[in-house]
Amino acid sequence: MYEQVFKAIKDYPVIIIHRHNNPDGDALGSQIGLKHIIKANFPEKTVFTVGDEAGRYAFMADSVMDVIPDEVYEGALAIILDTSARKLISDDRYAKAAMTVRMDHHLFCEKIADVEVVDSSCESCCGLIADFCMSCGLKLPEEAAVALYTGMVTDSGRFRYDSVNGRTFKAAAFLMQHPIDTNELYRNLYASDYEQMRLRAQFVLKIQFTEKNVAYIYTTKEEIERYPSDLFGISRGMVSTMSDIKGVDIWVNFTETEKGVLCELRSSRFNINPIAVKYGGGGHAKASGATVRDREEAMAMLADLDTLMEASL
C-alpha cells in the first residue's frame, strides 16, 4: 500500500507537507510526525510544513509552520495529510508541486493527488503514518513518536471510539517505545480552567432538541463576541457537551461566522457522513463537518438529521 509513497519520498529532494485548515491534533500530529520521520531517514531532504496556525494545539513541539515562496514548489513533492476534500486543504499551492501524494483516513470524497493512500478503517491519520513507518522499516525519532501519539489520542477519543482496533494499539505500542509523558500530554489536551468550565456550562444550557430527539446548539456571531474563547473552541470544542445525553444518538453544533455557519455533526450509532457531504463537507461515518451559507441552510441540515433519526425508529 505504501510503495508509491516511499518511492516518491526517495525521489524528490524537496518535500512540502500540507494538512487541513483549522488543524486538530491529528492533522498537526501527522504533519509534524511525518516531517521528522523523513528527516531522520533521509537527512539530505529539505522538508517544510505549511498551513494556518496551530491554535489550541500550539503546545505541540514544532507546530509553527514554515513560510515559503511559490518557487519552492517547483520540482517538489507535496504530501497532503488528514484531508478528504480539496477545499479543506490549508494552502492551495500544493497544486504547484511536481508530484502530489495524499494520505488520509476519512471516507473518500474525491481524488486529490497523483498518489492516493486512503484507509477509512484507520482511527487516525497519525495511526496511518505510524503504520507507514513500521511497514517500511523506517527509523522512528522521538519527536515523531510524541506528535503521532498526540494525534492518535485526540482522534480516537483517548482510544474510546469504535474505530479503535488491534492495529490501533499495535501502532500506539510502536510509538511508546519512546518516553512519552502522557500526564503532560493529557494536561495540555484536556485540563480546563474555570472560565472554560463556565463556558461549557453556558453551552449545556443552550442545548435544544428536535421532534426526533436530535440535540443541537446554535450560536450566533453576536453571541461569539461575548464568549472568552476562539472559534475552534466554540465550534468543535463545544460539540462534545451533547455527547453523553441519554437517548440522544445524533447531535450537531452550529456556529455562525463571517464565511458561513460551521456545522459539527456527531452520532453514536448512525452514519451522518452522507448528510455532511450533501452540504459540501465530509469526514467520518459518525463524526463529520461542513460549512453552510446561513441559518436557513443549517436548519435544512438539521431537518435531514431528524429524517435520518426518524427512519431509524
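Residues numbered from 1 in each chain as written. Predicted model: local features only at pLDDT ≥ 70, side-chain atom pairs only at ≥ 80, totals over all residues. Heavy atoms only, no water.

A. Summary view of the overall build of the protein chain. Across its full length, the protein chain holds 11 helices and 11 strands. Taken over C-alpha atoms, the radius of gyration comes to 20 Å for the protein chain, in line with the 20 Å a tight globule of 313 residues would show. Out of the 313 residues in the protein chain, the part that is buried amounts to 54%. Relative to all contacts within the protein chain whose residues are 6 or more apart in sequence, the contacts with residues 24 or more apart total 63%. Summing over all exposed atoms, the protein chain offers an accessible surface of approximately 14400 Å²; the carbon and sulfur share of this is 51%. (Helix = DSSP H or I, 4+ residues; strand = E, 2+ residues; numbered from the N terminus. Rg over C-alpha atoms; globule rule 2.2 N^0.38 Å. Buried < 20%, exposed > 50% of the residue type's maximum accessible area, 1.4 Å probe, protein only. Contact = heavy atoms within 4.5 Å. Areas by Shrake-Rupley, 256 points an atom, 1.4 Å probe, with all protein chains shown as cover.)

B. Up close: the sheet that holds strand 11 (residues 287-292). Spatially, six strands are ordered 6-7-8-9-11-10 in an open sheet, and the strand pairing comes out mixed. Looking along the sheet, the strands with just one partner apiece sit at the ends: strand 6 (208-209) and strand 10 (282-283). Its contacts with the sheet place helix 11 (residues 295-312) against strand 7 (215-219), strand 8 (250-257), strand 9 (260-267) and strand 11, and it is angled at close to 175 degrees to strand 8. (Pairing = 2+ DSSP bridges. Axes fitted to C-alpha atoms, helices over the stretch in contact; angles between N-to-C directions.)

C. Highlighting the nonpolar core. By size, the foremost hydrophobic cluster in this structure holds 52 residues, and its most contacted members are Ile9, Ile38, Leu77, Ile79, Met103, Leu140 and Leu175. Discounting chain neighbours no more than four positions away, the residues touching Met103 are Tyr2, Val5, Ile80, Leu81, Asp82, Val117, Cys125, Leu128, Ile129 and Phe132. Core analysis: the next-biggest nonpolar cluster, separate from the first, contains 20 residues, Tyr216, Val252, Val261 and Ala298 among them. (Core = buried A, V, L, I, M, F, W, Y, C linked by side-chain atoms within 4.5 Å.)

D. Highlighting the sheet that holds strand 3 (residues 77-81). Strand order in this open sheet of five strands is 2-1-3-4-5, and the pairing throughout is parallel. Edge positions in the sheet fall to strand 2 (46-49) and strand 5 (115-118), since each has one partner strand and no second. Across the sheet, the mean angle from the axis of one strand to that of its neighbour is 15 degrees, orientation sign disregarded. Contacting strand 1 (14-19), strand 3, strand 4 (99-104) and strand 5, helix 1 (residues 3-11) crosses the sheet at an angle of about 135 degrees to strand 4.

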